[in-house]
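Chains, contacts and geometry: an overview
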Amino acid sequence: MPNQKNIQTVQNLKEKFSKATSVTFADYVGLSAKDAGDLRQRIKDSDGETFVARNTLIKVAIDESSNEGLKSAKDDLTGQTMVVLSYN
């Protein structure tokens, strides 16, 4: 049985996916903490958002989402995944 934290994470992901005008999945291995922070700030300044979640939870949120375009990306989610959302 899923715990409450995971249920809430999936719910938040579904809401973010439904509001976003674009969604990008990125492998951020090798990115320094400073570079990752700079990237996050630039995306935030451009009316976007980044976050990291377990691939399993991202896949569940995609399955429960009405966005058909996301479903094709689901098979490519491996390793460490950063989700980048644009709302503009």
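Our subject in this report is the structure included herewith. A quick note: this is a predicted structure, and the numbers were derived from the prediction, not measured.

Focus on the sheet that holds strand E1 (residues 22-27)
Read across the open sheet, the three strands follow the order E1-E3-E2; overall the sheet is antiparallel. Because the sheet does not close on itself, it has two edges, and the strands there are E1 and strand E2 (48-52). The sheet shows a mean angle of 20° between the axes of neighbouring strands, direction not considered.

With respect to unusual backbone geometry
In this model, Asp-47 sits at a positive phi of 60°, which is unusual for a non-glycine residue. Mapped onto the elements, Asp-47 comes out in the loop between helix H2 (33-45) and E2. Asp-47 sits in the partly exposed class, given a relative accessible area of 39%.

What about the nonpolar core?
Leu-13, Phe-17, Phe-51, Ile-58, Ile-62, Val-83 and Leu-85 are the most contacted members of the largest nonpolar core, which has 14 residues in total. At the level of secondary structure, the elements contributing two or more residues to this core comprise helix H1 (4-19), helix H3 (55-64) and strand E3 (81-86). The element that contributes the greatest number of residues to this core is H3, accounting for four residues. Those residues in contact with Leu-85 that lie beyond four places of it in its chain are Lys-16, Phe-17, Ala-20, Ser-22, Val-23, Ile-43, Gly-48, Glu-49 and Phe-51.

Structural notes on the side chain of Ser-65
Note that Ser-65 resides in the loop between H3 and helix H4 (68-73). Its relative accessible area of 12% is what places Ser-65 among the buried residues. For Ser-65, the contacting residues outside a window of four places in its chain are Phe-17, Leu-70 and Lys-71.

Some words on the side chain of Thr-50
On the secondary structure map, Thr-50 appears in strand E2. If sequence neighbours within four positions are ignored, Thr-50 has contacts with Arg-40, Ile-43, Met-82, Val-83 and Val-84.

About the criteria used
Residues numbered from 1 in each chain as written. Predicted model: local features only at pLDDT ≥ 70, side-chain atom pairs only at ≥ 80, totals over all residues. Heavy atoms only, no water. Pairing = 2+ DSSP bridges. Helix = DSSP H or I, 4+ residues; strand = E, 2+ residues; numbered from the N terminus. Axes fitted to C-alpha atoms, helices over the stretch in contact; angles between N-to-C directions. Buried < 20%, exposed > 50% of the residue type's maximum accessible area, 1.4 Å probe, protein only. Core = buried A, V, L, I, M, F, W, Y, C linked by side-chain atoms within 4.5 Å. Contact = heavy atoms within 4.5 Å.

Remember, this is a structural readout, not a statement about activity or role.
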